[in-house]
Amino acid sequence: MYDRALQAVVKAALEPEWEAIFEPNSYGFRPGRSCRDAIKQIKNCIQGKAKYVLDADIAKCFDRINHEALLQKLNILGKVRQQIKAWLKSGVIDKGAFTATFEGTPQGGVISPLLANIALHGLENHLIKYAETLPGRKRENRDNLGFIRYADDFVVLHKDKAVVQRCREIISEWLAGIGLELKPEKTRLTHTFLPELSEDGKAGFDFLGHHIRQYPAGKYRSNINSKGTILGFNTLITPSAKASKAHTEEIGKIIKKHRSTPQAVLIKDLNPVIRGWTSFYTKSDVKNVGELSKQDYLTYLKLRRWAKRRCGTAKAGSDKYWTSIDGDNWVFATREGTANPLRLLKHSQFECSSTDYVKVKSDKSPYDGDTVYWSKRLGIHPQMPNRKAKLLKLQLGKCPWCSLSFQEWDVLEVDHIIPRAIGGKDEYKNLQLLHRHCHDEKTALDLIEIRKKDHSKFREKLSQFWNKSNWEWIYDIPNFIGQKVRESDLTNG
C-alpha cells in the first residue's frame, strides 16, 4: 500500500507536465478522455471519404518496454528517477518464485499506464513528419493521414494504400527503438468500404469493442460531404460481433445461475448488466441497425425457457412472470406491490446516436485551468464548486438568460429560478447558472415581483383590522406590523 500511494504521488507530479505535451489523438488512460473520443475521431476521419486502414496492436506492450529508453524519454534526475527505476527493476513473484525484470512496466501499478503513454509518445508526430514529405501541400497531407491510439491499440487511416503500407514499416522501425513490435495476428490492412480492397476480403474493422464500416446507401440515405456531394455510403458504428456474443453469454449465465431464486433477485442482477452494456454503446448506431431489439429478443427466449422450467408450460410461465405496464403488454416484472413493480430493463428503451457525442478538444487538458470547459464536460472540477460544475454540465455550458456560452473569464453566479422569497425551493430543478450581469438583470425583475407580492400580503392583512362601517382602526396596527408607524402615514395611505 505504501508503494501504491508513493506511485500515486509521483504520477500526480509527472502527469500535468506530460498532459501538456501529449499528442492530440492519444486517448487511453488519460484524464478527461475516453474510448468514445477515439471512436468519434475515427468517424470524423472517414465519414467524408472511404479509406484504407491499418488496424494494429502492439505485442505485450506493458511487458517489453525498454527501461533505458523509457528513463531517457522521462528526462528527469535525482530521487524521482531512482525511484521509478527501482519500480521498473523490482521483479515479479509468481507462485512463490521470484523473477527479475529487465524490461516492461509493473503490471497493475498506479503509474504504469502513464509510463506506457510516455514510452509511446512521439509515434503520431513521427508519422506526421512522414506525411509532410508526400507530394502536395503539407497541411492537406497532415489532414489526410489519420492516427488514433488508445493505449497499445491504434489505427492508421489514409486514402492511399501505399501510404498505409509505408506507415506500417515506419511504425515497426520506431517501435523497435523502445523494445516493442507489432503483433502479426492482430495487425491487418483493410478498407472501410470495399471488401475486395482488404487483405482478408472483409471490409471494416474492430476497435475498442466497436465495429466500424461503411455500407452502400441510396441517393436519399447516403452521407453527404462538406461540399454537398453524395458519397454513396453510410458510416455506421456498431458493437463488434465478439462484444455482442459476450454480452449474450453473460446474460445467459446469470439466468442459468438463478434457476431457483425469486424473480426479483434475477431482475436485480440482470438490470445492471443490461444498463452497463447499452450505456457503453449509446453513442453508436446500435439502435439503427436493430442490435438492441435483437438482444431483447435473445434475452426473452432465455427468460421464457427459465419460466417454462419453473412452471411446467410456457403459457403458465408467461401468465405468472410477464405483465402489462404503461401500455407495454409484455414486461418481465414482479406482481407483488403492483403500484411500483420491479421490472426488467429493455435494451431498446435507451436512446442511441453516434452524432450526438462531442469529442474532447485536441489541445485541452484538465490541468490547463479552463474550469468552465471541463466542468461543462465532466460535471466536476477540483477548482469549481460542485453545484456550479453540475449546473454547467446540465446547461451544456450556456447561460439560459442570454443564451451565450460561458467563457473561462466569465464570473458565474447561481440563481434561483423562482426566488425563495416567493416560495422557490433550494433544489437543482429550481437553480440555474448565470453570468453576473445576467443575474443582476434577473434579480431586478424578481425584486419587482417580490414587492408586488409583499404589498398584496400587507393589504390583505391590513384589511383584517379595518372596520369599514365606522372607518376606524380596530386594533393597534403599529404593533401588528412590528414597527412604529405614524397615524398620519396610515391615513394618507
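Nothing here was measured: the structure is a model prediction, and the numbers come from that model. (Residues numbered from 1 in each chain as written. Predicted model: local features only at pLDDT ≥ 70, side-chain atom pairs only at ≥ 80, totals over all residues. Heavy atoms only, no water.)

**Quick notes on the pairing of strand 10 (residues 322-325)**
At step 1: Judged from the 3 bridges that link them, strand 10 and strand 11 (residues 328-332) form a sheet pairing that is antiparallel. Within strand 11, the position partnered with Trp 322 by the bridge is Phe 332.
At step 2: The antiparallel pairing of strand 10 with strand 11 creates a hairpin that spans 2 residues between the two strands, and Asp 326 there sits at a positive phi of about 50 degrees. (Pairing = 2+ DSSP bridges. Helix = DSSP H or I, 4+ residues; strand = E, 2+ residues; numbered from the N terminus.)

**Brief notes about the sheet that holds strand 7 (residues 205-207)**
At step 1: Spatially, the 3 strands line up as an open sheet ordered 7-8-9, and their pairing is antiparallel. Looking at which strands have only one partner, the edges of the open sheet turn out to be strand 7 and strand 9 (233-239). On average, adjacent strands in this sheet sit at an angle of 30 degrees to one another, irrespective of strand direction.
At step 2: Relative to strand 9, strand 8 (residues 210-216) is paired through 7 bridges, and the arrangement is antiparallel. (Axes fitted to C-alpha atoms, helices over the stretch in contact; angles between N-to-C directions.)

**Structural notes on empty space enclosed by the protein**
At step 1: Enumeration according to the criterion identifies 1 cavity of 30 Å³ or more in this entry.
At step 2: In this structure, the largest cavity is lined by Arg 36, Ile 39, Lys 40, His 210, Ile 237, Phe 280, Lys 283, Ser 354 and Tyr 357.
At step 3: With 3 residues, helix 2 (residues 35-46) is the single largest residue contributor to the lining of the largest cavity. (1 Å grid on protein atoms, 1.4 Å probe; cavity = no way out; pocket = protein on both sides within 12 Å on 5 of 7 lines; lining within 4 Å. Points joined across faces, edges and corners; volume = space filled by probe spheres on them.)

**Description of helix 1 (residues 2-19)**
Helical periodicity: at 3.6 residues per turn, an α-helix aligns residues three or four positions apart in one direction.
At step 1: The terminal C-alpha atoms of helix 1, which comprises 18 residues, lie 25 Å apart, in line with the 26 Å expected from a rise of 1.5 Å per residue.
At step 2: Residue Ala 13 marks the point of greatest curvature in helix 1, where the axis turns by about 30 degrees; the proline Pro 16 follows within four residues.
At step 3: Every buried residue of helix 1 is accounted for by Gln 7, Val 10, Leu 14, Glu 15, Trp 18 and Glu 19. (Expected span 1.5 Å × (residues − 1). Bend = angle between axes of the 7 residues up to and from the residue. Buried < 20%, exposed > 50% of the residue type's maximum accessible area, 1.4 Å probe, protein only.)

**A few points about a nonpolar patch on the surface**
At step 1: A surface patch of nonpolar side chains, about 270 Å² in accessible area, is lined by Trp 401, Leu 445 and Ile 448.
At step 2: Looking at where Ile 448 falls in the secondary structure, it is placed in helix 16 (residues 436-463).
At step 3: Its relative accessible area of 40% is what places Ile 448 among the partly exposed residues. (Patch = residues over 30% accessible without salt bridge, like charges linked within 9 Å, V, L, I, M, F, W, Y side chains within 5 Å. Areas by Shrake-Rupley, 256 points an atom, 1.4 Å probe, with all protein chains shown as cover. Salt bridge = Lys/Arg side-chain N within 4 Å of Asp/Glu carboxyl O.)

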